[in-house]
Amino acid sequence: MQSGVHRAGGPLSVADIAAQPGGIEALQHRVHELRSRGVHFAANAIEQEMAALDLSPRG
């Protein structure tokens, strides 16, 4: 059973993940994975946090 991503102080945030090497790409991959499974609310939440942090992909 997978309990999610946590650090000593609690769950990792989008900002924590984005700060890691390859973190933004990992978040984008996760959003795609969630959408493909039909979990749009979680994908939307990640995208909203990325937008708030100005981490959205540039086109």
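Residues numbered from 1 in each chain as written. Predicted model: local features only at pLDDT ≥ 70, side-chain atom pairs only at ≥ 80, totals over all residues. Heavy atoms only, no water.

A.B. asks: Give me the lowdown on the overall build of the protein, citing residues and values where you can.
C.D. replies: If you tally the helices and strands in the protein, you get 3 helices and 2 strands. Starting at the N terminus, the α and β elements of the protein follow one another as β-β-α-α-α. Per-residue burial over the protein gives 19% buried out of 59 residues. Of all intrachain contacts in the protein linking residues separated by at least 6 positions in sequence, the fraction that spans at least 24 positions is 28%. For the protein, the accessible area works out to roughly 4500 Å², and carbon and sulfur atoms hold 56% of it. (Helix = DSSP H or I, 4+ residues; strand = E, 2+ residues; numbered from the N terminus. Buried < 20%, exposed > 50% of the residue type's maximum accessible area, 1.4 Å probe, protein only. Contact = heavy atoms within 4.5 Å. Areas by Shrake-Rupley, 256 points an atom, 1.4 Å probe, with all protein chains shown as cover.)

A.B. asks: Can you break down the nonpolar core residue by residue, with the values?
C.D. replies: Within the largest apolar cluster, 9 residues are counted, these being Val14, Ala18, Leu27, Val31, Leu34, Ala43, Ile46, Met50 and Leu55. Elements represented by at least two residues in this core include exactly helix H1 (14-18), helix H2 (23-36) and helix H3 (40-52). Not counting chain neighbours up to four residues away, the residues in contact with isoleucine 46 comprise Val14, Leu27, Arg30, Val31 and Leu34. (Core = buried A, V, L, I, M, F, W, Y, C linked by side-chain atoms within 4.5 Å.)

A.B. asks: Describe H3, and please don't skip the residues or the numbers.
C.D. replies: In a regular helix each residue adds 1.5 Å, so 13 residues correspond to 18 Å; H3 covers 18 Å between its end C-alpha atoms and thus fits that length. For H3, the full list of buried residues reads Ala43, Ile46 and Met50. Buried residues in H3, looked at end-on, bunch into an arc of 65°, giving them a common side. The outward face of H3, more than 90 degrees from its buried face, is lined by the exposed residues Phe41, Gln48 and Ala52. A positive backbone phi angle near 60° is found at aspartate 54, which sits one or two residues after H3. (Expected span 1.5 Å × (residues − 1). Arc of directions from axis to C-beta.)

A.B. asks: If you had to explain the pattern of salt bridges to someone new, which residues and values would you point to?
C.D. replies: All told, the structure shown has 2 salt bridges when counted by the stated rule. Residue glutamate 33 pairs with arginine 30 through a salt bridge whose shortest N-O separation is 2.2 Å. Pair noted here: glutamate 33 and arginine 30 are both in helix H2, with a separation of 3 residues, about one helical turn. On the basis of relative accessibility, which here comes to 36%, the residue arginine 30 falls in the partly exposed class. (Salt bridge = Lys/Arg side-chain N within 4 Å of Asp/Glu carboxyl O.)

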